[in-house]
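# Coordinates in review
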Amino acid sequence: MKAVLTAALFAVSLCGAATQALAQSMGPPGEPRIQSCFLLYDLSGGEIGRTPSEACSRRVSPGASFDIPHALAGLDGGIVRATERVGADGASGSDQDLDSALQFSAPWYFQRIAQRLGAQREREYMVRFNYGNADTSSGATDFWDGGSLKVSPDEQMLFLRRFFRDELSVDRQHIADVRSALRQPPGVVVGSFGAAPFGPSPPRDDVSVAAKSASTVMDGREGVRWLVGQVKRGTRQYVFVSCVTGPRNLPQNAAVSLAERELRRANVF
């Protein structure tokens, strides 16, 4: 592996062919312009440089990427248990446990956590995790999905570094349970867009991915796409944050495409 990967943190702007492809999704003039940020961090090293980008420091809606700290809060607060299967108010076939709720971003599962924790405890957990602006004021069931909660890619990275290093002030078993639920099948990443190719091709036994995608709309007009997580390659561990914002109809897998390209460029895949 190249020497630059001994310790890496860098951000890049979406450009070239990828920008042209995304630009095709833009609507009339005046719609939000496409912005992107990609961050990569080697847990065994440190920062060696970054490409400045306003998108990396801009706070936007986390959407379902908030499921990671939300699941930790639910487990720590005794609202859910990792292996417990619960149903959505008796709806047929809707039972979920932590693994399936994280994989498929089951909204009601996390709404139930929010309702049972309450706004004050939710805020206390976000302050404890140092997660974004910790603002729950827009409503107990959707403040993270286009609502008042905002987080920047830089802040997501700081949270994820602590999460994957077991440095958050919650039981380590809860952290392990959430990390296990984020594990992706070989060669793909799963989200609201279905399954998208992701990782070495063909898949390698020494590479694994734990990740969470998100797709939401902010302020009723701006699309926000996330993919956040970790890549393990042998004994090396890389944490990444991919975020793309733009018009409401931005491709669902825009952040996945950005992460896939940049991880290959960095020889992580």
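Residues numbered from 1 in each chain as written. Predicted model: local features only at pLDDT ≥ 70, side-chain atom pairs only at ≥ 80, totals over all residues. Heavy atoms only, no water.

### As for the overall build of the protein
The helix and strand tally for the protein stands at eight helices and seven strands. Counting all 269 residues of the protein, 52% fall into the buried class. Considering only contacts within the protein whose residues lie at least 6 apart along the sequence, 67% involve residues at least 24 apart. Only carbon and sulfur atoms are counted for the fraction: they give 47% of the accessible area of the protein, which is about 11600 Å². (Helix = DSSP H or I, 4+ residues; strand = E, 2+ residues; numbered from the N terminus. Buried < 20%, exposed > 50% of the residue type's maximum accessible area, 1.4 Å probe, protein only. Contact = heavy atoms within 4.5 Å. Areas by Shrake-Rupley, 256 points an atom, 1.4 Å probe, with all protein chains shown as cover.)

### Side note on the packing of aromatic side chains
As enumerated under the stated definition, the model contains 14 aromatic pairs in all. Ring plane angle 70 degrees and centroid distance 5.2 Å describe the contact between Tyr109 and Phe110, whose orientation is recorded as edge-to-face. Note on Phe129 and Phe159: the rings are 6.0 Å apart at their centroids and 50 degrees apart in plane angle, and the pair reads as tilted. Of the two residues, Phe129 sits in helix α5 (residues 107-129) while Phe159 sits in helix α6 (residues 153-164), which places them 30 residues apart along the sequence. With a relative accessible area of 1%, Phe129 lands in the buried category. Among the aromatic residues, ring-to-ring pairing joins Phe66, Tyr125, Phe129, Tyr131, Phe143, Trp144, Phe159, Phe163 and Phe164 into one connected group. (Phe/Tyr/Trp six-rings, centres within 6.5 Å; stacked < 30°, edge-to-face > 60°.)

### Looking at the pairing of strand β7 (residues 236-247)
Of all twelve residues in β7, ten are buried; the element is thus mostly enclosed. Here strand β6 (residues 222-233) pairs with β7 via twelve bridges, running antiparallel. Residue pairing for β7: Gly223 is matched across the bridge by Gly246. (Pairing = 2+ DSSP bridges.)

### Regarding the confidence of the model for the protein
For the protein, per-residue confidence averages 86 on the pLDDT scale, and residues scoring 70 or more make up 84% of the total. Note on residues 1-27: pLDDT is under 50 here. Beyond four places in sequence and across chains, it has 77 contacts. (pLDDT = per-residue confidence, 0-100.)

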